[in-house]
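Here is what each chain is made of, one letter per residue.
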Amino acid sequence: MKKLSLSLLFVFICLNSFGQNTLKLGDNKSPKATLADIAWLSGHWRGEAFGGITEEIWSPPLGDSMMGSFKLVSEGKTSFYEICQLVEENGSLSFRLKHFNSDLTGWEEKNEREEFPLVKVEKNAVYFDGFTIKRISANEIHMYVVISDEGEAEEVEFKYFRFNK
């Protein structure tokens with residue numbers, strides 16, 4: 001019986017997660033949450049990924065959203081941008097973003113965006129469907145995102161440190 005329970009737990013984890021640090025919402029409903037649960041994300045953050053320097057800037061909560069931007073710089077040139085939004089709606093949170101080339105031409109169609117509904121909130125972590133943000137300390141955050149390329153899904157880690165200049 002114990003072996004069966006462990007097997008069922010393993011299947012449940014596999015069906016409800018993407019990687020070690022990301023979760024999948026599946027058919028579940030997003031839990032209740034507010035922007036206050038993720039206000040600690042506000043600030044200017046820098047890190048390294050994809051062979052370059054990454055930068056995220058997040059505004060404090062105002063109204064029903066937080067505004068964010070992402071930039072990747074490789075070999076001294078901007079590779080791409082993201083405009084991001086954490087929005088409070090229907091008693092929960094959703095993470096939205098649009099990608100742009102370095103000349104601000106969009107990746108997604110005009111009225112399309114990537115959207116990650118909330119899966120779970122903890123004191124120092126917020127789990128969206130395929131996207132996780134963890135507060136390591138007041139000056140360090142880690143983000144994990146599931147990136148699909150030609151049918152292959154991979155969880156990618158971004159380590160950011162508060163940038164004060």
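Residues numbered from 1 in each chain as written. Predicted model: local features only at pLDDT ≥ 70, side-chain atom pairs only at ≥ 80, totals over all residues. Heavy atoms only, no water.

Chemist: Requested: an account of the sheet that holds strand 9 (residues 140-149), with residues and values cited.
Modeler: Pairing is antiparallel in the closed barrel, where 10 strands are placed in the order 1-2-3-4-5-6-7-8-9-10. Across this sheet, the average inter-strand angle for adjacent strands is 25°, counted without regard to direction. In this structure, strand 7 (residues 125-128) lies alongside strand 8 (residues 131-137), joined through four bridges in antiparallel fashion. From the neighbouring strand, Val 126 faces strand 8, where its bridge partner is Ile 133. (Pairing = 2+ DSSP bridges. Helix = DSSP H or I, 4+ residues; strand = E, 2+ residues; numbered from the N terminus. Axes fitted to C-alpha atoms, helices over the stretch in contact; angles between N-to-C directions.)

Chemist: Just give me the short version of the pattern of salt bridges, but keep the residues and values in it.
Modeler: Counted by the stated rule, this structure contains six salt bridges. The closest approach of N and O atoms between Arg 96 and Glu 115, which form a salt bridge, is 3.3 Å. Of this pair, Arg 96 sits in strand 5 (residues 92-101) while Glu 115 sits in strand 6 (residues 114-122); the two residues are 19 residues apart in sequence, bridging distant segments of the chain. Given a relative accessible area of 11%, Arg 96 falls into the buried group. Between Glu 115 and Arg 113 there is a salt bridge, with its nearest N and O atoms 2.9 Å apart. Its relative accessible area of 34% is what places Glu 115 among the partly exposed residues. We classify Arg 113 as partly exposed; its relative accessible area is 44%. Taken together, the shared-partner salt bridges connect Glu 89, Arg 96, Arg 113 and Glu 115 into one network. (Salt bridge = Lys/Arg side-chain N within 4 Å of Asp/Glu carboxyl O. Buried < 20%, exposed > 50% of the residue type's maximum accessible area, 1.4 Å probe, protein only.)

Chemist: Provide a residue-level description of the environment of Ala 39, including the pertinent values.
Modeler: Its place among the elements puts Ala 39 in the loop between helix 1 (2-15) and strand 1 (43-49). Between the C-alpha atom of Ala 39 and that of Ser 59, which follows or precedes it by 20 residues, the distance is 8.8 Å. Apart from residues no more than four positions distant in its own chain, Ala 39 is found in contact with Pro 61 and Met 66. (Contact = heavy atoms within 4.5 Å.)

Chemist: Give a detailed account of the environment of Leu 86, specifying residues and quantitative values.
Modeler: Assignment of secondary structure puts Leu 86 in strand 4 (residues 77-89). For the pair formed by Leu 86 and Glu 115, sequence separation is 29 residues and the distance between their alpha carbons is 9.9 Å. Here Leu 86 is in contact with Leu 35, Ile 38, Leu 41, Trp 58, Asp 64, Ser 65, Met 66, Ser 94, Phe 95 and Phe 128, once residues within four sequence places are set aside.

Chemist: An account of the packing of aromatic side chains is needed here, citing residue identities and associated values.
Modeler: One pass over the structure, following the stated rule, counts 10 aromatic pairs. Ring plane angle 20° and centroid distance 4.5 Å describe the contact between Phe 95 and Phe 131, whose orientation is recorded as stacked. In this pair, Phe 95 is assigned in strand 5 and Phe 131 in strand 8, connecting sequence segments 36 residues apart. Like Phe 131, Phe 95 is buried. The interplanar angle of 10° and the centroid separation of 6.3 Å between the aromatic rings of Phe 158 and Tyr 160 together place this pair among those described as stacked. Here Phe 158 and Tyr 160 have matching classes, each one buried. An aromatic cluster is defined as three or more aromatic residues linked by ring pairs; in this entry it consists of Phe 50, Phe 70, Phe 80, Trp 107, Phe 158 and Tyr 160. (Phe/Tyr/Trp six-rings, centres within 6.5 Å; stacked < 30°, edge-to-face > 60°.)

Chemist: Hey, could you go over the nonpolar core for me, with residue numbers and the actual values?
Modeler: Grouped together as the largest cluster of nonpolar side chains are 29 residues, with contacts concentrated most on Ile 38, Leu 41, Leu 86, Phe 95, Phe 128 and Met 143. Ignoring sequence-local partners within four residues, the contact set of Phe 95 consists of Trp 58, Cys 84, Gln 85, Leu 86, Glu 114, Glu 115, Phe 116, Phe 128 and Phe 131. (Core = buried A, V, L, I, M, F, W, Y, C linked by side-chain atoms within 4.5 Å.)

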